[in-house]
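Results of the structural survey
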Amino acid sequence: MKKPKTIQSLFIKVSKHLITNYMAEYIHVEKPFLDKLRLLGWQVIDQGLGIPQEPGKSLRENFKQVLLPKVFKESVKALNKTADGREWLTDKQLDEILFEIQNFAGKSLHEANKEIHRLLQKGTSVPRNELTGEQDPTVRLVDFKNHDNNSFIAINQFRLLTPGASRQGIIPDIVLFLNGLPIVVVEAKDFDTAQPLSEAYSQITRYANTREDDYGFKEGEEKLFHYNIFSIITHGKEARVGTISAEFDFYN
């Protein structure tokens, strides 16, 4: 009878330790980060602590979606107007663009990331503007001239299911979305954590499936990083930035 009690006591002790760490991380690092973003004009969706159970709170239909489909289509539709201010993209065209920006079969993470960056900078195209008759018109995905025309959303505890991975899912601390696309992943650690920045870096690489291991197991969901411009590791008093290919020493 003593063994089950010992295991149960250990489980309770570990659980309390994890909860305490998560609370400290949220209170000291994650929430202040979100508060700063809110002051900068970002729309912030703070899901608090715990494992999210409703994908709708993070503007998705399910926990497998790495981008925000509705936000993406609404943003792109609003960015593309005729000279007299009419939105011209059809629902079918928007669905096709959404499909294009999500499907990179056979491409590596770096190849997909490079293609996404090209689309963000140059835009894409559709066969026809149904309002004006223009052939092969360019479709902008981002307005670089007037930033206020874009959508900026920050979501914490961004849960993603990872079928076939060594774990059932990942939950990055904060993900930043530009027009519904996850361009930044933020991993926060409490200052009292041993080597908080290196631990945060290890989490980022696990999420992106770029962490070196001897077995080649899938650990995260690299599709989340197809759109990544950079990632942030922070313990509140210090933050560093790096790209999908950057090693820890190159996070600045």
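Heads up: these notes are all about the structure in this document. The shown structure was predicted, so the numbers you read here are calculated from the model rather than taken from an experiment. Residue numbers here run from 1 along each chain, matching the order of that chain's written sequence. Selection of residues for local features in this predicted model requires a pLDDT of at least 70, selection of side-chain atom pairs for listing and counting requires 80 or more, and totals for whole chains, interfaces and linings are taken over all residues. Side-chain numbers come from the whole structure's heavy atoms, not from hydrogens or water.

Tallying secondary structure elements over the protein chain gives 5 helices and 10 strands in all. Relative to its 252 residues, the protein chain shows a buried fraction of 44%. Considering only contacts in the protein chain between residues 6 or more positions apart, those separated by 24 or more positions represent 58%. For the area figures, the Shrake-Rupley method with a 1.4 Å probe applies, and any residue is considered shielded solely by the protein chains shown. When the accessible surface of the protein chain is split by element, carbon and sulfur atoms take 53% of a total near 14,600 Å². The helix count covers DSSP runs of H or I at least four residues long, the strand count covers runs of E at least two residues long, and both are numbered beginning at the N terminus. The cut-offs for exposure are 20% and 50% of the maximum accessible area for each residue type, with area from a 1.4 Å probe on protein chains only; residues under the lower value are buried, those over the upper are exposed, and the others partly exposed. Two residues form a contact once any of their heavy atoms are found within 4.5 Å.

The buried fraction of strand β7 (residues 174–178) is high, at 5 of 5 residues. Neither face of β7 is exposed, since I174, L176 and L178 on one face and V175 and F177 on the opposite face are all buried. Each pair of strands is called paired provided DSSP finds at least two bridges between the two strands. Across 5 bridges, strand β4 (residues 152–156) lies against β7 in antiparallel orientation. The partner of N156 across the bridge, within β7, is I174. Taken together, the 5 bridges between β7 and strand β8 (residues 181–188) define a ladder with antiparallel strand orientation. Each bridged residue has a counterpart across the sheet, and for L176 the counterpart in β8 is V184.

Moving on, we get to the side chain of R159. Examined against the element boundaries, R159 turns out to sit in the loop between β4 and β5 (160–161). Residues counted as positive are Lys and Arg, residues counted as negative are Asp and Glu, and His and the chain ends are not counted. The salt bridge definition used is simple: a Lys or Arg side-chain nitrogen within 4 Å of an Asp or Glu carboxyl oxygen. For R159, which is buried and forms no salt bridge, the nearest opposite charge comes from E54, at a distance of 10 Å. Beyond its immediate chain neighbours, meaning those up to four positions away, R159 contacts I51, P52, Q53, R60, F63, I170 and I171.

What links the strands of a sheet is backbone hydrogen bonding, and the strands pair in either a parallel or an antiparallel sense. Here we have 6 strands laid out as an open sheet, ordered β1-β4-β7-β8-β9-β10, and mixed in their pairing. Looking at strand neighbours, the two that pair on one side only are β1 (43–45) and β10 (239–242), the edges of this open sheet. For this sheet the average axis-to-axis angle between neighbouring strands, irrespective of direction, equals 20°. Bridge count for β8 against strand β9 (residues 230–234) is 5 bridges, and the pairing is parallel. Structural elements are reduced to axes, namely lines fitted to C-alpha atoms, with helices fitted over the stretch in contact, and the angle between N-to-C directions of any two is expressed from 0 to 180 degrees.

A separate point is the packing of helix α2 (residues 69–79) against helix α3 (residues 91–100). Here α2 crosses α3 at 120°, and the two axes come no closer than 10 Å. Here α3 runs oblique to α2, going by the angle between their axes. In this structure, α2 crosses over α3, and the sense of that crossing is right-handed. The residues of α3 that touch α2, namely those facing P69, F72, K73, V76 and K77, are D91, L94, D95, I97 and L98. Put simply, Ala, Val, Leu, Ile, Met, Phe, Trp, Tyr, Cys and Pro go in the nonpolar bin, Asp, Glu, Lys and Arg in the charged bin, and everything else, Gly too, in the polar bin. Looking at the contact of α2 with α3 residue by residue, the classes come out as 6 nonpolar, no polar and 4 charged. For classification purposes, an angle smaller than 35 degrees is called roughly parallel, one larger than 145 roughly antiparallel, one from 65 to 115 roughly perpendicular, and anything else oblique. The handedness criterion is simple: a crossing whose near helix is rotated anticlockwise from the far helix by less than a right angle is left-handed, and one whose near helix is rotated clockwise is right-handed.

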